[in-house]
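If you want the building blocks of each chain, they are given just below.
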Amino acid sequence: MTEQTPEPVRESAGTPAPHTPAVTPADAADAARLVSFGLQPRLQPARDAEYGELLRRYREDPPFARLADAVATGLGLIVLEVSDRAGMAVTADEDSVFAVRMGDYARRAATDSADRFLHGLAHLALAAMAFPRPEDLADDGYIGRVTVNGVDAFVRHACRKLEERAEEQGDNTDPVSDAPGLEAAWRVWARRSSTGATKDARRLAGSTTGIVGKAAAFLTESGFLQRTGDEAGGTYRTTARYQLQVRDLAGGAAMSELLGLGIVPVSDGTATLLPPDEGDDLDLVADAGLPFS
């Protein structure tokens, strides 16, 4: 009996081999368009049909989502979330051309370069007051509320606590203008006037409430805060995009140090501080990236 060798199985000529659809120039243009929407933080997806459609495509079309992510990566952007509530929320990588640096922000705010620590501290304090507890950052439905006067009061409470710590440790209490870190910043903040004085009772730009007000106005222009009133120097509520940005910031040493002072939030934007734990000094460097693009 002769053993027969089985013939190899051949694919039917009518069955095409599986392949990945080619990316078209139109796909690339749509992906770049979506990223461009993400760079406009005040734009609401619910108010722009094209934006909403591209978000839907991102969620339902994985190849398109990967393409949009690649476009963002190529621009030095990190995609934090893509959703109807936040749109395409992106933050700038440290080396991205879209990164806003403290030195650039200070010049944009028309302030002296010696105030860079105070502006950095104002942004950190706004973030800490807006989302003082881990559960606030984790809750997508949470809306933080802050006031300019409340943030200034919070920082001044922190200044007193840091001064007490310095005295206990026998540290020199004279401010060092070129020394980085929170320990140097509090000394300057504590000695700066809260409001200043003009003939028409306007707030001075170089006062601490003036610095907080500029930081809040900048965040509002960037789509991270919404102004809700004029009480207490200006009242603001947070946006979903700002919550995502602060989540990205929360692991940093600066935010950890401020939160470590023990914030107890209340509804009017003020705060009570508990005794601070021991911690390392912070680096509020002039060209450090701010927590947003």
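Above this text sits the structure in question.
The rules behind the values
- Residues numbered from 1 in each chain as written.
- Predicted model: local features only at pLDDT ≥ 70, side-chain atom pairs only at ≥ 80, totals over all residues.
- Heavy atoms only, no water.
- Helix = DSSP H or I, 4+ residues; strand = E, 2+ residues; numbered from the N terminus.
- Buried < 20%, exposed > 50% of the residue type's maximum accessible area, 1.4 Å probe, protein only.
- Contact = heavy atoms within 4.5 Å.
- Polar contact = N/O pair within 3.5 Å; in protein donor to acceptor, adjacent residues only side chain to side chain.
- Axes fitted to C-alpha atoms, helices over the stretch in contact; angles between N-to-C directions.
- Parallel < 35°, antiparallel > 145°, perpendicular 65-115°, else oblique.
- Nonpolar A, V, L, I, M, F, W, Y, C, P; charged D, E, K, R; others polar.
- 1 Å grid on protein atoms, 1.4 Å probe; cavity = no way out; pocket = protein on both sides within 12 Å on 5 of 7 lines; lining within 4 Å.
- Points joined across faces, edges and corners; volume = space filled by probe spheres on them.
- Phe/Tyr/Trp six-rings, centres within 6.5 Å; stacked < 30°, edge-to-face > 60°.

A. Quick peek at the environment of Y51. If you trace the backbone, Y51 turns up in helix 2 (residues 49–60). Given the relative accessible area of 0%, Y51 is considered buried. With 13 residues separating them along the chain, Y51 and G38 place their C-alpha atoms 9.2 Å apart. Discounting residues that sit within four places of it in the chain, Y51 has contacts with L34, F37, G38, L43, Q44, P45, A86, G87, M88 and R241. A distance of 2.8 Å separates a polar atom in the side chain of Y51 from the backbone nitrogen of M88.

B. Spotlight on the packing of helix 5 (residues 116–130) against helix 7 (residues 148–169). Put simply, helix 5 and helix 7 touch, their axes get as near as 10 Å, and they point 105° apart. On the basis of the axis angle, helix 5 is roughly perpendicular to helix 7. In this structure, helix 5 uses L121, A125, L126, A128 and M129 to contact helix 7, whose residues at the interface are G150, V151, F154 and V155. In the contact of helix 5 with helix 7, the residues fall into eight nonpolar, one polar and no charged.

C. A look at the layout of surface pockets. Of the voids in this model, the second largest pocket is the one considered here, and its volume is about 390 Å³. Around the second largest pocket, the lining is made up of 24 residues, and of these Q44, G223, Q226, T239 and A240 lie nearest the centre. Going through the elements one at a time, strand 4 (225–229), strand 5 (235–238) and helix 10 (240–249) are the ones with two or more residues in the lining of the second largest pocket. When residues of the lining of the second largest pocket are assigned to their parent elements, the largest contribution, three residues, is made by helix 10. A class-by-class count of the residues in the lining of the second largest pocket yields ten nonpolar, eight polar and six charged.

D. The packing of aromatic side chains, seen in detail. For the coordinates displayed, the defined rule picks out four aromatic pairs. Considering the side-chain rings of F131 and Y242, the 6.0 Å spacing of their centres and the 50° angle between planes classify their relative orientation as tilted. With F131 in the loop between helix 5 and helix 6 (134–138) and Y242 in helix 10, this residue pair connects regions lying 111 residues apart in the sequence. There is no split in this pair, since F131 and Y242 are both buried.

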